[in-house]
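For reference, the chains in residue letters:
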Amino acid sequence: MSKALLPLARRSLARNAVRRSAVNAHGGRTLMTLPAFSLEGKTCVVTGAARGLEGGKASIEHITEHISSQPTTRDYKPELRAYACDVTSEQQVQDTWKAVVQDFGRVDVVVTAAGIVENFEAENYAYDRWKKMMDINLNGSFLFAKEAGRHWIEQSIKGNLILVSSMSASICVRPQKQAAYNASKGAVSLLGRSLATEWGPKGIRVNNLCPGYMKTDLIIDLLEKEGKHIEEGWVKDVPMGRLAHPSELQGTIVWMASDASSYLHGSDIVVDGGYCCW
Ligand SMILES: NC(=O)c1ccc[n+]([C@@H]2O[C@H](COP(=O)([O-])OP(=O)(O)OC[C@H]3O[C@@H](n4cnc5c(N)ncnc54)[C@H](O)[C@@H]3O)[C@@H](O)[C@H]2O)c1
């Protein structure tokens with residue numbers, strides 16, 4: 001079973017740095033909306049952020065290099081840490097959560113990204129594979145959500161939970177046959193909306209991020225298995241005419257995690273280049 005690594009970022013962007021960039025770009029004027037996008041002082045947990053321990057180190061290096069290469073954040077040193085955890089094991093999730101809270105004191109934002117995809121026609125879908133899909137995509141999301149919710153309720157923290165769902169929560173992509181994946185993501189999205197109704201009154205926000213085709217390792221692996229020709233078919237179905245680079249989710253997820261989206265709650269945010277419009 002693959003292990004999740006959870007790089008954590010604390011004090012993600014110094015507010016001053018954001019202000020400075022606004023001033024530079026707009027001739028001395030400060031854009032008053034930009035500070036609302038700041039994640040300064042927040043501890044963020046991301047599940048499924050890397051494949052294995054080496055991948056965790058590489059993710060941390062990549063984020064650190066990216067931050068130090070930007071003129072506005074050159075001097076900022078994020079606190080990032082990786083934890084090994086199989087999201088399908090309740091014990092491991094509980095132990096990991098405890099370790100994170102011990103290390104960082106509290107958690108403000110949780111993004112559940114750990115997930116798998118595979119394609120088999122329904123009539124031949126092996127039941128153990130079906131269960132594995134549900135275990136990782138749905139149960140793993142629930143186990144982390146549960147730890148987060150309990151922590152936020154006990155500590156009276158206005159936490160922010162983002163469940164990584166998919167455009168496959170609401171439509172069936174083609175031509176690949178992936179009933180289990182689609183069902184798991186449909187359930188993740190409804191889990192998110194259910195938690196929004198339960199935890200909203202306590203000031204905890206819950207939303208679902210529903211990406212379309214992003215060229216991550218997951219999609220690169222899938223294309224290797226299915227054959228490159230499948231990408232050409234996908235692109236025809238995307239009104240923007242291309243797959244996304246993973247970095248194209250950054251702006252959306254920062255917006256969802258920050259006060260800039262303070263009234264966003266119980267929503268599916270679809271980022272799919274228009275795929276769901278057909
Ligand atoms: N790439 C896309 O086009 C796309 C589209 C829609 C939704 N998504 C969703 O985005 C999320 C991230 O996917 P990605 O594209 O970055 O894929 P990825 O394969 O690069 O990342 C998924 C991560 O989940 C981890 N993981 C798998 N099983 C685990 C387990 N039992 N415990 C802990 N971690 C486990 C893997 O190690 C990996 O790091 C997934 O939930 C996926 O369904 C991806």
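Residue positions are given per chain, counted from 1 along the sequence in the order it is written. For this predicted model, a pLDDT threshold of at least 70 governs which residues receive local features, and a threshold of 80 or more governs which side-chain atom pairs are given and counted, while totals over whole chains, interfaces and linings are taken from all residues. Excluded from the side-chain calculation are hydrogens and water; included are all heavy atoms of the structure.

Trainee: Is there a simple way to think about the packing of aromatic side chains in this case?
Mentor: Each pair of aromatic rings is reported with the distance of its centres and the angle of its planes. Two aromatic rings, drawn from Phe, Tyr or Trp (for Trp, its six-membered ring), form a pair once their centres lie within 6.5 Å of each other, and the interplanar angle then sorts them: stacked below 30 degrees, edge-to-face above 60, tilted otherwise. For the coordinates displayed, the defined rule picks out 5 aromatic pairs. Seen from their ring centres, Phe120 and Tyr125 are 5.4 Å apart, and the 80° between their planes marks the pair as edge-to-face. Phe120 sits in the partly exposed class, given a relative accessible area of 32%. A ring pair is formed by Tyr213 and Tyr275, whose centres lie 5.7 Å apart and whose planes are at 85°; its orientation type is edge-to-face. Of the two residues, Tyr213 sits in the loop between β7 (205-211) and α6 (217-226) while Tyr275 sits in the segment after β8 (268-271), which places them 62 residues apart along the sequence. A relative accessible area of 6% places Tyr275 in the buried class. Through a chain of ring-to-ring contacts, the aromatic side chains of Phe120, Tyr125 and Trp130 assemble into a single cluster. For the exposure calls, accessible area comes from a 1.4 Å probe over protein chains only, and a residue counts as buried if that area is under 20% of its type's maximum, exposed if over 50%, partly exposed in between. Numbering of helices and strands runs from the N terminus; a helix is a DSSP stretch of H or I covering at least four residues, while a strand is a stretch of E covering at least two.

Trainee: So what exactly am I meant to see when it comes to the nonpolar core here?
Mentor: Generally speaking, soluble globular proteins have nonpolar side chains that are buried together. Ranked by internal contacts, the top residues of the largest apolar core, which has 28 residues, are Val110, Phe144, Trp152, Leu161, Leu195 and Val206. Put simply, the parts of the chain that give this core at least two residues each are α3 (90-104), α4 (127-154), β6 (160-164) and α5 (179-199). The element contributing the most residues to this core is α4, with 7 residues. In what follows, a contact means two residues having at least one pair of non-hydrogen atoms within 4.5 Å. With near-sequence residues (within four places) excluded, Trp152 lies in contact with Val107, Asp108, Val109, Val110, Ile157, Gly159, Asn160, Leu161 and Ile204. Definition of nonpolar core: a set of buried residues of the types Ala, Val, Leu, Ile, Met, Phe, Trp, Tyr and Cys, connected through side-chain atoms within 4.5 Å. If you look at the next biggest cluster of nonpolar residues, it comprises 17 residues, including Met134, Val173, Tyr181 and Tyr275.

Trainee: Can you help me understand α4 in this one?
Mentor: One turn of the α-helix equals 3.6 residues, which is why residues spaced by three or four share an orientation. Between its first and last C-alpha, α4 extends 38 Å over 28 residues, near the 40 Å set by a 1.5 Å rise per residue. Across the chain, bend at a residue is computed as the angle between axes fitted to the seven residues ending at that point and the seven starting from it. Bending of α4 peaks at approximately 35° at the position of Asn139. Downstream of α4 by a residue or two, Ser156 has a phi angle that is positive, lying close to 50°. Take the number of residues in a helix, subtract one, and multiply by 1.5 Å to get its expected span.

Trainee: Whenever I open this one, the site of the ligand confuses me. Can you help?
Mentor: What surrounds the ligand is a group of 29 residues, the closest being Arg51, Tyr181, Lys185, Met214 and Thr216. Side-chain atoms alone can form a polar contact between residues adjacent in sequence; in general such a contact is a pair of N or O atoms within 3.5 Å, and within protein one must be able to donate a hydrogen while the other accepts it. Between Lys185 and the ligand, the recorded distance is 2.9 Å, taken from a side-chain N or O atom to an oxygen atom. Within the contact set of the ligand, an oxygen atom lies 3.2 Å away from a backbone nitrogen or oxygen of Gly212. Values of accessible area rely on a 1.4 Å probe in the Shrake-Rupley scheme; residue burial ignores everything except the protein chains shown. Contact with the protein chains removes 91% of the 820 Å² of surface that the ligand exposes when unbound. Mapped by element, the contributors of at least two residues to the shell around the ligand are α5 and α6. Among the residues making up the shell around the ligand, the classes are represented as 16 nonpolar, 8 polar and 5 charged. A cutoff of 4 Å decides nearness: a residue is near a molecule or strand if any of its heavy atoms lies inside that distance of it. Each residue gets one of three labels, nonpolar for Ala, Val, Leu, Ile, Met, Phe, Trp, Tyr, Cys and Pro, charged for Asp, Glu, Lys and Arg, and polar for the others, Gly among them.

Trainee: Would you explain the packing of α3 against α4 in this entry?
Mentor: For any two helices packed against each other, the geometry is given by the interaxial angle and the distance between the axes. Axis angles are defined between N-to-C directions and span 0 to 180 degrees, where every axis is a line fitted to C-alpha atoms and, for a helix, only to the segment in contact. The geometry of α3 relative to α4 is characterised by a closest axis approach of 10 Å and an angle of 40° between their N-to-C directions. Judged on the interaxial angle alone, α4 and α3 are oblique. Crossing handedness for the pair α3 and α4: right-handed. Residues Glu90, Val93, Gln94, Trp97 and Val101 of α3 form the contact with α4, whose own contacting residues are Leu143, Phe144, Lys146, Glu147, Ala148 and His151. Classifying every residue of the contact of α3 with α4 by side-chain character gives 6 nonpolar, 2 polar and 3 charged. In this scheme, roughly parallel covers angles under 35 degrees and roughly antiparallel covers those over 145, while 65 to 115 is roughly perpendicular and the rest are oblique. Each helix crossing is assigned a hand: it is left-handed if the near helix lies turned anticlockwise from the far helix by less than a right angle, otherwise right-handed if that turn is clockwise.

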